[in-house]
Amino acid sequence: MDLSIKRISSYENYIHYSMCMLGGFFGSYALLLRGNFGSAQTANLIQLFINVSAFNLFDILFRTLALFLFVLFLMLSFYIKDKYTLQSVKICLLVEIISVLAIGLIPSGANDLMALLPLFALTAFQWGMFNGTKEYTSPTLFSTGNIRQCISGWIDYKVSAKAKSKMKALFYSYTLIYYHLGVLVGIALTYTFGAKGIFICLVPLFINLMIEMKYIN
């Protein structure tokens, strides 16, 4: 079905913000339930080197495996995005639905590092597939770069009064708002339902999948 440029742009923003909410949820869910941030490798690599210095072989094994899965699924996402461009979003949403189901079935009492492995794979795949819109580069899984761009946009708008700078500033402001709404939902549902709280993520994932299947491509 052919869509106007305006509607496509609106859809790009919608799916970006919805994936930001999921990214925020994954972040607070992993930190509260497993004590680790499962959406990036910075903390994991620091912990890996700390454990190497302490000769903690168990943690070394699982943190190395987490790094391997993150890199593997990031590479896989790039390949699918290049090879199957028109279907890449559908594929990503299906992978995330399966991953969320798997993560939610892992008991709260399971080993924290082992339980995080599928989340590292999921977030790597999401990062490779969703990194903003055609106009703005913006990760959906963490805040640092988005904070920088948000401040840059507002300062530039204050200095130059350009409408383009205001649009950029608003885009990154909404990105941060939706991300941290996801964080708050993650906190509430993780405290209430534990590991199974992640199942709520199936709702936006299925909605996005239905929109993709009905209106896009």
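Our subject is the structure that appears above.
Remember, it's a predicted structure, so these values are computed and weren't measured experimentally.

1. Structural notes on unusual backbone geometry
Most peptide bonds are trans, and most residues other than glycine sit at a negative phi.
So, point 1. Of note in the backbone geometry, Phe55 takes a positive phi value of approximately 55 degrees without being a glycine.
So, point 2. Relative to the assigned elements, Phe55 resides in the loop between α2 (42-53) and α3 (57-83).
So, point 3. According to the relative accessible area criterion, Phe55 is exposed, its value standing at 68%.
So, point 4. With phi around 60 degrees, Ala161 is a residue other than glycine that occupies positive phi space.
So, point 5. Relative to the helices and strands, Ala161 resides in the loop between α6 (144-160) and α7 (163-193).

2. Focus on a nonpolar patch on the surface
So, point 1. Together, Tyr14, Val185, Ile200, Val203, Phe206, Ile207 and Met210 give the surface a local cluster of nonpolar side chains, amounting to about 580 Å² of exposed area.
So, point 2. The leading source of residues in the nonpolar patch is helix α8 (residues 202-215), at four residues.

3. Notes on α6
So, point 1. The first and last C-alpha atoms of α6 sit 24 Å apart over 17 residues, in line with the 24 Å expected at 1.5 Å per residue.
So, point 2. Asn146, Cys150 and Gly153 are the residues of α6 that are buried. Down the axis, α6 shows its buried residues gathered within 65 degrees of arc, on one side only. Summarising the geometry of α6, the exposed residues directed more than 90 degrees from the buried face are Thr144, Arg148, Ile151, Ile155, Lys158 and Val159.
So, point 3. The secondary structure elements touched by the buried residues of α6 are α7.
So, point 4. Ala161 sits one or two residues past α6 and shows a positive phi near 60 degrees.

4. Digging into the packing of α2 against α3
So, point 1. Contact pair α2 / α3: the axes reach a minimum separation of 9 Å and the direction vectors enclose 150 degrees. When the axes of α2 and α3 are compared, the pair comes out roughly antiparallel. α2 and α3 meet at a crossing whose hand is left-handed. Contact residues: α2 offers Asn44, Leu45, Gln47, Leu48, Asn51 and Val52, while α3 offers Asp59, Ile60, Arg63, Thr64, Ala66 and Leu67.
So, point 2. Here the contact of α2 with α3 is built from residues that sort into six nonpolar, four polar and two charged.

5. Quick word on the nonpolar core
So, point 1. Counting residues in each nonpolar core, the largest one holds 40 residues, and the members touching the most others are Phe26, Val100 and Ile198.
So, point 2. Of all the secondary-structure elements, those providing two or more residues to this core are α1 (5-34), α3, α4 (88-104), α5 (112-129) and α8.
So, point 3. Grouped together as the second largest cluster of nonpolar side chains are six residues, Tyr17, Tyr136, Tyr172 and Leu176 included.

6. Details of the side chain of Thr190
So, point 1. If you trace the backbone, Thr190 turns up in helix α7.
So, point 2. Setting aside chain neighbours within four positions, we find Thr190 in contact with Tyr29, Leu32 and Leu33.

7. Let's talk about the environment of Leu33
So, point 1. Assignment of secondary structure puts Leu33 in helix α1.
So, point 2. Distance from Leu33 to Met210, taken between C-alpha atoms, is 30 Å for residues 177 residues apart in sequence.
So, point 3. When near neighbours in sequence (up to four residues on either side) are disregarded, Leu33 contacts Ser108, Asp112, Thr190, Gly194 and Ala195.

8. A word on the pattern of salt bridges
So, point 1. Summed over the entire model, instances satisfying the criterion amount to two salt bridges.
So, point 2. Close ionic contact of Asp112 with Arg34 constitutes a salt bridge, the shortest N to O distance being 3.6 Å. Of this pair, Asp112 sits in helix α5 while Arg34 sits in helix α1, placing them 78 residues apart in sequence.
So, point 3. Judged by relative accessible area, Asp112 falls into the partly exposed class, the value being 32%.
So, point 4. Arg34 gets classed as buried once you look at its relative accessible area, which sits at 5%.
So, point 5. Taking the shortest distance from any N to any O, the salt bridge between Glu212 and Lys90 comes out at 4.0 Å.

Conventions we followed
Residues numbered from 1 in each chain as written. Predicted model: local features only at pLDDT ≥ 70, side-chain atom pairs only at ≥ 80, totals over all residues. Heavy atoms only, no water. Helix = DSSP H or I, 4+ residues; strand = E, 2+ residues; numbered from the N terminus. Buried < 20%, exposed > 50% of the residue type's maximum accessible area, 1.4 Å probe, protein only. Patch = residues over 30% accessible without salt bridge, like charges linked within 9 Å, V, L, I, M, F, W, Y side chains within 5 Å. Areas by Shrake-Rupley, 256 points an atom, 1.4 Å probe, with all protein chains shown as cover. Salt bridge = Lys/Arg side-chain N within 4 Å of Asp/Glu carboxyl O. Expected span 1.5 Å × (residues − 1). Arc of directions from axis to C-beta. Contact = heavy atoms within 4.5 Å. Axes fitted to C-alpha atoms, helices over the stretch in contact; angles between N-to-C directions. Parallel < 35°, antiparallel > 145°, perpendicular 65-115°, else oblique. Left-handed = near helix turned anticlockwise from the far one by under 90°. Nonpolar A, V, L, I, M, F, W, Y, C, P; charged D, E, K, R; others polar. Core = buried A, V, L, I, M, F, W, Y, C linked by side-chain atoms within 4.5 Å.

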